[in-house]
Amino acid sequence: MAKLMINRNKKEGTIAPEIYGHFSEHLGRCIYEGLYVGENSEIPNVNGMRTDVVEALKEIKIPVLRWPGGCFADEYHWKDGIGPKENRKKMVNTHWGGVVEDNSFGTHEFFELCRQLGCKTYINGNLGSGTVQEMSEWVEYMTFNGVSPMADLRKKNGHEEPWTIDYFGVGNENWGCGGNMRPQYYADEYRRYQTYVRNYDPQKPIQKICGGANVDDYDWTRKVLETTHDHTVPEFHGFMDGLSLHYYVHPEGWEIKGSATDFDEEVWYKTLKKALYMETLVERHGKIMDQYDPDKKIGMIVDEWGCWFTVEPGTNPGFLYQQNTIRDALVAGITLNIFNKHCDRVKMANLAQMVNVLQSVILTEGPKMIKTPTYHVFHMYRHHQGATLLNSTLTGVGETGIGEWKVPEVTESVSEDAEHIITVTLNNLSADEEKEIEIAFAGDEHVYSVKEAKVVSAEMHAHNTFDVPELVKEEEFTAYKKCGNGIKVMLPPCSVVELRLQ
Ligand code: AHR
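The name given to the protein chain in an unreviewed UniProt entry is non-reducing end alpha-L-arabinofuranosidase, with the source organism recorded as Roseburia faecis. Heading Pathway (unreviewed entry) of the UniProt record for the protein chain holds this comment: "Glycan metabolism." Here the protein chain is described in UniProt, under the heading Sequence similarities (unreviewed entry), as follows: "Belongs to the glycosyl hydrolase 51 family."

In structure tokens form, the structure reads like this:
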């Protein structure tokens, strides 16, 4: 009998709410159409932001939003996106489809979106093609509360008060689209640029994020830390508060990727196996970070993750628009469980991307909007945000899969919130078999009952469309019964389950 043993006496850290963060880039229909339609649109909006999308996003408690890229960030010149819209420069979005970027969504609009969402802000600066002065002036424009050229310009543009930048990324993927740099070179540039990311308000220090590795490029992590590490600076982490990591799941590899909706059982397992690889990456990059930062003051910031499939047939290949099935829900459930379990090091993660791009939580078509299976996972898992990770161990769980694509039957994570409600999230990775699990508590006499139980589950290809928008959704989960002082559950195949116990 498979058993999940929970030990409430072993508390393993706080799950940073920012692990449930998101990413929005000027790419395809993420910003334009997806989030921002402009004040004059017939689609209901508040200050240009789509009301339907903002309302849906608020329900999943967005903790933080990263913007403006991605690769776009290292070609973005912020001054093009401020001031009267009719005067804003039009530019070509070289990375994403070569379309015209009219800069109608810029700094003021980003902060307005975050205000509506009630989330923290993560701005990604341009190190690849911008200057130190440009980056430093942007920070001054956004955060300085006094008399200065940039603060005056912000006021002239209608925003008297400074905003708060919670996180600032100093470049993006500088090993690739952000300048094709070598690690030592980037690290030296990082040291220089970050110097001028000034904390104008000591009460609200900006968390600086250094550009980290792609997938398993451990050499990048090592060399960047080696170069930024300075024994003469006792507070080493003062140079950086976070180091990023990017990892996407492409079932058939970077060249082919694979369809979002048309796949067989072998590819189902292959995809999930690749999602599980996140754990190896977090652990191995984490070990290198431990050498330089044993006290774990630097957060691992997985600021791009998710499934990256072949674009939907007939759509612009540069727009990265893809559907989202139960398979994506499992990838999300598995990955978020991994992040929870490594909350001692992982301090933020940003799903790529929020709307209409890659593994989105929302898709739009004109005035229509649908919530994807991934949305529902984020909705269930929101209870982990800010909760305490509890020690939990699975026993009696075997493997499932096809050929070399073997995966554990179940993954899990468990947390306890301030009201002492215990959230258990379980994934059944099997494409066709249900799985019974006993949930038990170590050294604990309390008799637990289920306060709330939800499930997202369907046939592995199931997804929502604009014609059938609610085929996959969060539903009541009833397949449980009391067992000792715990609970016994029957997980359906292809499922993500959330139990709230008290
Ligand atoms: O999310 C799409 C792209 O993937 C980002 O712009 C880039 O940083 C990464 O390669």
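Colleague: Hey, could you run me through the nonpolar core in this one?
Modeller: In globular proteins that are soluble, nonpolar side chains generally tend to be buried together. Among the nonpolar cores identified, the biggest contains 124 residues, and Leu57, Phe168, Trp268, Trp305 and Phe339 are the most heavily contacted of them. If we ignore the near neighbours within four places in the chain, the residues touching Trp268 are Phe263, Ile326, Arg327, Leu330, Leu429, Ser430, Ala431, Met460 and Cys494. Val410, Val414, Val450 and Leu499 belong to the second-largest nonpolar core, a separate cluster that totals 23 residues.

Colleague: Sorry if this is basic, but what is going on with the sheet that holds strand β25 (residues 486-491) here?
Modeller: Paired through their backbone hydrogen bonds, the strands of a sheet run either parallel or antiparallel. Pairing is mixed in the open sheet, where 10 strands are placed in the order β23-β22-β26-β20-β19-β16-β1-β21-β25-β24. Across the chains shown, the open sheet's two edge strands, defined by having one partner strand only, are β23 (475-476) and β24 (480-483). Examined bridge by bridge, strand β1 (residues 2-14) and strand β21 (residues 435-441) share five bridges and lie parallel to one another. Bridge pairing in β21 places Lys3 opposite Glu438. The strands that helix α9 (residues 326-341) touches are β16 (388-395), β19 (410-416), β20 (422-428), β22 (450-457) and β26 (495-501); relative to β19, the one it contacts most, it runs at about 50°.

Colleague: Mind showing me how you'd approach the site of the ligand here?
Modeller: Among the 13 residues in the neighbourhood of the ligand, the closest are listed as Glu25, Cys71, Glu173, Tyr248 and Glu304. In this structure, an oxygen atom belonging to the ligand sits 2.7 Å away from a side-chain N or O atom of Tyr248. A distance of 2.7 Å separates an oxygen atom of the ligand from a polar side-chain atom of Glu304. For the ligand, the protein covers 94% of the area, taking 280 Å² as the surface of the free molecule. Taking a 2 Å distance to the grid points as the criterion, the majority of the atoms of the ligand fall inside the largest pocket. When grouped by side-chain class, the residues that make up the shell around the ligand number seven nonpolar, three polar and three charged.

Colleague: Mind showing me how you'd approach the environment of Pro17 here?
Modeller: Checked against the element boundaries, Pro17 lands in the loop between β1 and β2 (21-23). Taking the C-alpha atoms as reference points, Pro17 and Asn337, separated by 320 residues in sequence, lie 13 Å from one another. Filtering out sequence-adjacent residues up to four positions away, Pro17 remains in contact with Pro63, Gln385 and Gly386.

Colleague: Please explain the packing of helix α8 (residues 265-292) against α9 as it appears in this structure.
Modeller: A pair of packed helices can be characterised by two numbers: the angle between their axes and the separation between those axes. α9 packs onto α8 with a crossing angle of 20° between their chain directions and a minimal axis gap of 9 Å. On the basis of their axis angle, the class for α8 and α9 is roughly parallel. Judged by the twist between their axes, the crossing of α8 over α9 is right-handed. On the side of α8, the interface is formed by Val267, Trp268, Thr271, Leu272, Ala275, Leu276, Met278, Glu279 and Val282, while α9 contributes Ile326, Arg327, Leu330, Val331, Ile334, Thr335, Ile338 and Phe339. Per-class residue counts for the contact of α8 with α9 are 13 nonpolar, two polar and two charged.

Colleague: What is the right way to look at a negative patch on the surface in this model?
Modeller: Taken together, the side chains of Asp262, Asp264, Glu266 and Glu404 present a region of like negative charge at the surface. Looking at the secondary structure, you find Asp264 in the loop between α7 (253-256) and α8. Residue Asp264 is classed as partly exposed on the basis of its relative accessible area of 41%.

Colleague: Looking at this structure, I do not really get the layout of surface pockets. What am I missing?
Modeller: Over the atoms a probe the size of a water molecule is rolled, and this reveals where empty space is left. Estimated volume of the largest pocket: approximately 390 Å³. Asn214, Tyr248, His250, Trp254 and Trp308 are, among the 25 residues lining the largest pocket, the residues nearest its centre. If you list the elements that add at least two residues to the lining of the largest pocket, you get β11 (242-249) and α8. With three residues, the top contributor of residues to the lining of the largest pocket is β11. A volume near 240 Å³ is recorded for the second largest pocket. Lining the second largest pocket are 14 residues; nearest its centre among them are Phe111, Glu112, Arg115, His159 and Trp163. Mapped by element, the contributors of at least two residues to the lining of the second largest pocket are α2 (107-117) and β8 (120-125). Among the elements that take part in the lining of the second largest pocket, α2 stands out by supplying six residues, more than any other. Here the residues of the lining of the second largest pocket are counted per class, giving four nonpolar, five polar and five charged.

Conventions adopted
- Residue positions are given per chain, counted from 1 along the sequence in the order it is written.
- With the structure being a predicted model, the display of local features is reserved for residues of pLDDT at least 70 and the display and counting of side-chain atom pairs for 80 or more, all residues being used for whole-chain, interface and lining totals.
- Heavy atoms throughout the structure, all of them, feed into the side-chain values; hydrogens and water do not.
- UniProt positions are given in the numbering used here, feature names are shortened, and annotations may be inferred rather than shown by experiment.
- Side-chain atoms within 4.5 Å are what join buried Ala, Val, Leu, Ile, Met, Phe, Trp, Tyr and Cys residues into a set we call a nonpolar core.
- To sort residues, take the accessible area from a 1.4 Å probe on protein chains only and compare it with the maximum for the residue type: under 20% means buried, over 50% means exposed, and anything in between is partly exposed.
- By the convention used here, residues are in contact when the closest approach between their heavy atoms is within 4.5 Å.
- Between any two strands, pairing holds if DSSP finds at least two bridges.
- Where helices and strands are cited, they refer to DSSP runs of H or I of at least four residues and of E of at least two residues respectively, numbered from the N terminus.
- Convention adopted: a line fitted to C-alpha atoms gives each axis, helices being fitted over their contacting stretch, and angles between N-to-C directions are expressed from 0 to 180 degrees.
- In these notes, residues near a molecule or strand are those with any non-hydrogen atom within 4 Å of it.
- Pairs of N or O atoms are called polar contacts if they sit within 3.5 Å, as long as, within protein, a hydrogen donor faces a hydrogen acceptor (for residues adjacent in sequence, only side-chain-to-side-chain pairs).
- What sets the accessible areas is the Shrake-Rupley method with a 1.4 Å probe; for residues, cover comes only from the shown protein chains.
- A pocket, in this scheme, is an open set of points on a 1 Å grid over the protein atoms alone with protein on both sides within 12 Å along at least 5 of 7 lines, while a cavity is a set where a 1.4 Å probe fits but cannot get out; residues line either one if an atom lies within 4 Å of a point.
- The way we define it, a molecule is inside a pocket or cavity when more than half of its atoms are within 2 Å of that pocket's grid points.
- Residue polarity is assigned by list, with Asp, Glu, Lys and Arg as charged and Ala, Val, Leu, Ile, Met, Phe, Trp, Tyr, Cys and Pro as nonpolar; anything else, Gly included, falls into the polar class.
- Angles are sorted into four bins: roughly parallel if under 35 degrees, roughly antiparallel if over 145, roughly perpendicular if 65 to 115, and oblique for all others.
- Here a crossing is taken to be left-handed if its near helix is turned anticlockwise relative to the far helix by less than a right angle, and right-handed if that turn runs clockwise.
- Any residue with relative accessible area above 30% and no salt bridge may belong to a patch, with like charges joined within 9 Å and the nonpolar Val, Leu, Ile, Met, Phe, Trp and Tyr side chains within 5 Å.
- For salt bridges, the criterion is a side-chain nitrogen of Lys or Arg within 4 Å of an Asp or Glu carboxyl oxygen.
- Within this scheme the basic residues Lys and Arg register as positive and the acidic residues Asp and Glu register as negative, but His and the chain ends are omitted.
- A charged residue contributes its charge at one atom only: NZ of Lys, CZ of Arg, CG of Asp or CD of Glu.
- Grid points are joined across faces, edges and corners, and a volume is the space filled by probe spheres set on the points.

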